[in-house]
Amino acid sequence: ELKVEQNPLFLSMQEGKNYTIYCNYSTTSDRLYWYRQDPGKSLESLFVLLSNGAVKQEGRLMASLDTKARLSTLHITAAVHDLSATYFCAVVNTGTASKLTFGTGTRLQVTL
Amino acid sequence: GAGVSQSPSNKVTEKGKDVELRCDPISGHTALYWYRQSLGQGLEFLIYFQGNSAPDKSGLPSDRFSAERTGGSVSTLTIQRTQQEDSAVYLCASLNPGYGNTIYFGEGSWLTVV
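Residues numbered from 1 in each chain as written. Chains lettered and ligands numbered in written order. Predicted model: local features only at pLDDT ≥ 70, side-chain atom pairs only at ≥ 80, totals over all residues. Heavy atoms only, no water.

## Some thoughts on the overall build of chain B
Counting its secondary structure elements, chain B contains zero helices and ten strands. What you see in chain B, going N to C, is helices and strands ordered as β-β-β-β-β-β-β-β-β-β. A compact globule built from 114 residues should have a C-alpha radius of gyration of about 13 Å, and chain B, at 13 Å, falls within 12% of that. A principal-axis box enclosing the C-alpha atoms of chain B has dimensions of 40 × 25 × 25 Å. Sequence separation of 24 or more characterises 54% of the internal contacts of chain B that already satisfy a separation of 6 or more. Each charge class in chain B was averaged separately, 9 positive and 11 negative side chains, and the resulting centres sit 3 Å apart. (Helix = DSSP H or I, 4+ residues; strand = E, 2+ residues; numbered from the N terminus. Rg over C-alpha atoms; globule rule 2.2 N^0.38 Å. Contact = heavy atoms within 4.5 Å. Lys, Arg positive; Asp, Glu negative; His and termini not counted. Charge placed at Lys NZ, Arg CZ, Asp CG, Glu CD.)

What follows is the structure in structure tokens.
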């Protein structure tokens, strides 16, 4: 059974600082997703990572994928308050069509 | 519509009643998912439809839960004899596997069982 773990579960950081959220998964995967969720809202797609070594960047967020280590990272550069949200990674298990298994989520709080 | 549409957006029901939640995926998207998110929790997979293939029902928590997808488009999630632990946000998502990999989520149906 595919397991997806994120850490940390909660992250409080100051504006202007850098930090990384980690996503580990237990079996081979075709694809890895990162989503953002604001309180009371649905999930907003941030990145889709398809291959080993894939790196994608959007604004202050950069995601990478190491399929050999079964690890993805979401790096936050010079955080701003607007990035406060919960971030989820989700993995598609090879051989299970497109079923997504989600991590536990990382609640990010950026303080002024 | 441009996105995944779900209805109702909010539903309050009495324990023991049946509820139906509707999902209208993005036009042309052949894959459709239902997930459940309890307050402050992660996302729990419920069911997955892909085209004409048999759905993956492995996430349905009990036989009170069922889902169907008519004509390969609209899907309905039905919860019979609702219990208080069914209170959650039910999220629908869709994907066109033949065109891109992004899975789009709807705004969710907030279900409260009293």
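Right, picking up where we left off after that structure.
## A closer look at the overall build of chain A
For chain A, the count of helices and strands is zero helices and eleven strands. Counted from the first residue to the last, chain A has its helices and strands arranged as β-β-β-β-β-β-β-β-β-β-β. Over its C-alpha trace chain A gives a radius of gyration of 13 Å, about what one expects of a compact globule, namely 13 Å for 112 residues. In terms of its C-alpha atoms, chain A occupies a principal-axis envelope of roughly 45 × 30 × 20 Å.

## Notes on the state of the cysteines
Within the structure shown, the criterion is met by two disulfides over all chains. The side chain of Cys23 of chain A participates in a disulfide bridge whose partner is Cys89 of chain A; the two sulfur atoms lie 2.1 Å from each other. One quick way to see it: the torsion about the S-S bond of Cys23 of chain A and Cys89 of chain A is about 80°, and its sign makes the bridge right-handed. Highlighted residues: Cys23 of chain A in strand S3 (residues 19-25) and Cys89 of chain A in strand S9 (residues 85-93), separated in sequence by 66 residues. Judged on exposure class, the residue Cys23 of chain A and its partner Cys89 of chain A are both buried. With a sulfur-sulfur separation of 1.8 Å, Cys23 of chain B is cross-linked through a disulfide to Cys92 of chain B. On the S-S bond that ties Cys23 of chain B to Cys92 of chain B, the torsion sits near -65°, and the link is left-handed. One end of the pair, Cys23 of chain B, is in strand S3 (residues 19-24); the other, Cys92 of chain B, is in strand S8 (residues 88-95), with 69 residues separating them in the sequence. (Disulfide = S-S within 2.5 Å. Buried < 20%, exposed > 50% of the residue type's maximum accessible area, 1.4 Å probe, protein only.)

## Description of the sheet that holds strand S8 (residues 71-76) of chain A
Residues and elements named next belong to chain A. Taken together, five strands build an open sheet; the order of strands is S1-S3-S8-S7-S6 and the sheet is antiparallel. Edge strands, defined here as strands with exactly one partner in the open sheet, are strand S1 (4-7) and strand S6 (55-58). Neighbour-to-neighbour, the strand axes of the sheet open up by a mean angle of 15°, direction not taken into account. Across six bridges, the pairing between S3 and S8 is antiparallel. Paired with Tyr22 across the two strands is Thr73, which belongs to S8. (Pairing = 2+ DSSP bridges. Axes fitted to C-alpha atoms, helices over the stretch in contact; angles between N-to-C directions.)

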